[in-house]
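# Structure assessment
Residues per chain are reported as follows:
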Amino acid sequence: MKKNLTFALLALMALTAHAQNGDEAKRILRLSREKCQSILQGHYVLEYRNKTMMNRDTTIIRYTCDFKKLPTDTLFNKAFNMFTEFPGHEGWNQHTLYTGNELVTYDDTVGNIKSCVLWADKIKRIRHNFTFYEALTNKNCYPIPDEELMADSAYTFNLTETQSCYKVDYIKTEPEPAGPGMQCIRYEVEMWLDKNSHLPVQYTIAYDLVEGQDTMCQYDLFKLLDFDAEIDETLLTMKSIPASVTLNDYVADKAPEPLAEGTMAPEWSLPNLTGDTVRLTDLRGRVVLLDFFYKSCAPCSAALPFLQSLHEKYKDKGFVMIGIDPFDDSVKDEMANFLSKRGITYTTLYSDRELPKTYHVVAYPTLFFIDRDGKIAKVQQGYHKTFEESIEEQLQKMLQSN
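The model shown is predicted, which means the values in this text are computed figures rather than measured ones.

Conventions adopted
- Residues numbered from 1 in each chain as written.
- Predicted model: local features only at pLDDT ≥ 70, side-chain atom pairs only at ≥ 80, totals over all residues.
- Heavy atoms only, no water.
- Core = buried A, V, L, I, M, F, W, Y, C linked by side-chain atoms within 4.5 Å.
- Buried < 20%, exposed > 50% of the residue type's maximum accessible area, 1.4 Å probe, protein only.
- Helix = DSSP H or I, 4+ residues; strand = E, 2+ residues; numbered from the N terminus.
- Contact = heavy atoms within 4.5 Å.
- Arc of directions from axis to C-beta.
- Pairing = 2+ DSSP bridges.
- Right-handed = clockwise from strand over helix to strand, strands pointing away.

Let's shift gears to the nonpolar core. Membership of the largest hydrophobic core comes to 99 residues, with the highest contact counts inside it found for Trp 268, Leu 290 and Tyr 359. With eight residues, helix H5 (residues 298–314) is the single largest residue contributor to this core. What Trp 268 contacts, discounting residues up to four positions off in sequence, is Val 278, Arg 279, Leu 280, Leu 283, Leu 290, Ile 322, Ile 324, Leu 349, Leu 355 and Tyr 359. Counting six residues, the second largest nonpolar core, distinct from the first, contains Leu 97, Val 104, Tyr 106 and Val 245.

The next point concerns helix H2 (residues 116–126). Since the α-helix advances by 3.6 residues per turn, residues separated by three or four positions end up pointing in the same direction. All of the buried residues in H2 are Cys 116, Ile 123 and Ile 126. In an axial view of H2, the angular spread of the buried residues amounts to 80°, which keeps them on one side of the axis. Across from the buried face of H2, at angles greater than 90 degrees, the exposed residues are Asp 121 and Arg 125. The inward-facing, buried residues of H2 contact strand E4 (94–98), strand E5 (102–106) and strand E6 (110–115).

Let us look at the pairing of strand E17 (residues 319–325). Most of E17 is tucked away: seven of the seven residues are buried. Residue alternation in E17 divides its side chains into two sets, Phe 319, Met 321, Gly 323 and Asp 325 and Val 320, Ile 322 and Ile 324, and both sets are buried. Examined bridge by bridge, strand E16 (residues 287–292) and E17 share six bridges and lie parallel to one another. Bridging across to E17, Val 287 finds its partner in Phe 319. Judged from the four bridges that link them, E17 and strand E18 (residues 347–350) form a sheet pairing that is parallel. Counterpart to Ile 324 in the pairing with E18 is Leu 349. Viewed along the sheet, the connection from E17 through helix H6 (residues 335–340) into E18 turns out right-handed.

Next comes the structure, spelled out in structure tokens:
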């Protein structure tokens, strides 16, 4: 009896210590959040490391950024001047200036200006492409949690210390949807906070996701290499752009019209996973559904189970399902493994990037229904669960026609 009471007491003490540790972690996070929200402007150098779900390699990018928060701005909530460096790929380097009135992107010789009045919707659609040290620049200080998240029992918080930093991590392991056909089974943030200033000097964000039979990991590391709260505000004006750079007003690319129904589908001859060649002309007399897709396209991956179901249901009824991937290398990108884990058994082919241009592909996935004579019967851009019924109805209609 005494032994059982001792175990119970030890367990209670462990729970109490864990709760106290979690409370202290939240206290430190609140201090860091207050610090970040008090910063209205600054200069920083950021090293960003990223491993996406679909790739094994880690990308390293360096950002040098001056910013000033603009509380009433609806596009970025800050003016900024950013230089983006791609080590080993200097030709990709780019300058970006956002003044609150215009967004300017340029290299050493030429650039374009997007007016916020004329191109607000366009800027909103592309702003996710810009990487910032969000804890300092985002008005919500993401990924420092707010009170609502800290009160969420689905998250656990832990605090450890080094000589100079607090290390706080918070983890969520309850599965939840992360996109069509995808579950997030772990979300973990680790933050290193300077003991003196409470400034976050590094944070990592990791996800484990499941899609079909495939478990994938995405990882982001943000490391603050330098920070100074003082800036030269002229860097946030058009005067900061060198006179040697030729600037042009932005002109939107005009998307090509979809290939007209009733026209012949452009011919192709492409290798499959085993290196054998498949030709469109060899498929005459059957109804063909072409799916232009690529590995890291989330809507493309979401569509795969449905397209596989069409293959299984109609493959013996004069139907051929074909996937065409113009971006991935079938060997280097391990496409056989990727497709196998998703149960894909229909033919996938691998093209250069000219074929999508020939087919006027501007969005992924894009589906082309090709009739028995090799003519385009219908073009479907994008994928959503709600499209499935109409896609199958179109296929059935084509299979029933002579």
